[in-house]
Amino acid sequence: SSIVGMGRMDTDMLPEIGERCVDMAFQTTADALAIEFQGGEPTANWDTLTHIVDYAQQVNLQHKKSLAFSLVTNFSLMTDERMEWLIEERVQVCTSLDGPEDLHNAIRTYKDGNSHELVTYWIRRFNERYAEIGLDRNLYRVEALPTITRASLTRARDIVDQYVSLGCRALFLRKLDPYGFAAQSHVKLGYSMDDFLRFYEEALDYI
């Protein structure tokens, strides 16, 4: 997919297109259905996101499937009001966290602030709210995924420590994919499979 600026409204999904996607998804014969919101940043199109959740729940009154929602977000547009809505509607949340502050901020630069500070704040805030309202923390917790770049290869222990400090229970150490936008950055951020396997072994031993 292409990356465009926030001013490009023509790339945003319209609510009626969202409804058509939901209708198509419900054609599955499976008893369970998960709808995941990805981007770009899905919360930049908040009205459509909330409409799709509401519409899918209405459609499911007829189909009676096990219906789940998840959101992949960088938290840049998160507010307390949006957090409360996501929790109320049981939309699971996933984000990106590349490790300690210097490592994370090196490739996730925000014009208006500190990306690492923002992400770790909202991870803690969501998890605190899950606990406050008595949700099962085995089911409700913010999941995070790191992007493993060349700079990550010497920081296996630091990455693990960062995830443990936030109470994360899973760490998905995935090799950088040289596709799409990532292909443009692969010369600067990429590495060999041998380099990755040495990093993976060190991280796994430490875990």
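Now for a description of the structure that goes with this document.

Calculation notes
- Residues numbered from 1 in each chain as written.
- Predicted model: local features only at pLDDT ≥ 70, side-chain atom pairs only at ≥ 80, totals over all residues.
- Heavy atoms only, no water.
- Helix = DSSP H or I, 4+ residues; strand = E, 2+ residues; numbered from the N terminus.
- Buried < 20%, exposed > 50% of the residue type's maximum accessible area, 1.4 Å probe, protein only.
- Contact = heavy atoms within 4.5 Å.
- Areas by Shrake-Rupley, 256 points an atom, 1.4 Å probe, with all protein chains shown as cover.
- Core = buried A, V, L, I, M, F, W, Y, C linked by side-chain atoms within 4.5 Å.
- Axes fitted to C-alpha atoms, helices over the stretch in contact; angles between N-to-C directions.
- Left-handed = near helix turned anticlockwise from the far one by under 90°.
- Nonpolar A, V, L, I, M, F, W, Y, C, P; charged D, E, K, R; others polar.

## Concerning the overall build of the protein
Then, number 1: When helices and strands are counted, the protein shows 8 helices and 6 strands.
Then, number 2: When each of the 207 residues of the protein is scored for burial, the buried share is 39%.
Then, number 3: Put simply, 67% of the contacts in the protein that link residues at least 6 apart link residues at least 24 apart.
Then, number 4: Taken as a whole, the protein presents about 12200 Å² of accessible surface, with 51% of it coming from carbon and sulfur.

## Let's talk about the environment of isoleucine 207
Then, number 1: With respect to the secondary-structure elements, isoleucine 207 resides in the segment after helix H8 (193-206).
Then, number 2: In this view, isoleucine 207 contacts Val160 and Leu171; residues no more than four positions away in its chain are not counted.

## Section: the nonpolar core
Then, number 1: Phe75 and Phe126 are the most contacted members of the largest nonpolar core, which totals 47 residues.
Then, number 2: Examining the composition of this core, we find that 6 residues originate from one element, helix H2 (residues 46-63), more than from any other.
Then, number 3: Contact partners of phenylalanine 126, with chain neighbours within four places excluded, come to Phe75, Met78, Met83, Leu86, Ile87, Val93 and Val142.

## Here we look at unusual backbone geometry
Then, number 1: In this model, glycine 39 is joined to glycine 40 through a cis peptide bond whose omega is 10°.
Then, number 2: Mapped onto the elements of the fold, glycine 40 is located in the loop between strand S1 (32-37) and H2.
Then, number 3: The phi dihedral of lysine 64 is positive, around 55°, even though this residue is not glycine.
Then, number 4: The residue lysine 64 is located in the loop between H2 and strand S2 (66-72) in this model.
Then, number 5: Of note, arginine 90 is a non-glycine position whose phi angle comes to about 60°, a positive value.
Then, number 6: You can see arginine 90 is positioned in the loop between helix H3 (80-88) and strand S3 (91-96).
Then, number 7: Residue classification places arginine 90 among the partly exposed residues on the basis of a relative accessible area of 36%.

## Some thoughts on the packing of helix H1 (residues 15-25) against H2
Then, number 1: Look at H1 against H2: their axes get within 9 Å of each other, and the N-to-C directions meet at 35°. When the axes of H1 and H2 are compared, the crossing they make is right-handed. Between H1 and H2, the contacting residues are Pro15, Gly18, Glu19, Val22 and Asp23 on the first element and Thr48, His51, Ile52, Tyr55, Ala56 and Val59 on the second.
Then, number 2: Looking at the contact of H1 with H2 residue by residue, the class counts come to 6 nonpolar, 3 polar and 2 charged.

## Re the environment of glycine 167
Then, number 1: Within the secondary structure, glycine 167 sits in the loop between helix H6 (156-165) and strand S6 (174-175).
Then, number 2: You can call glycine 167 partly exposed: its relative accessible area is 42%.
Then, number 3: Distance in space between the C-alpha atoms of glycine 167 and glutamate 143 is 9.9 Å, their sequence separation being 24 residues.

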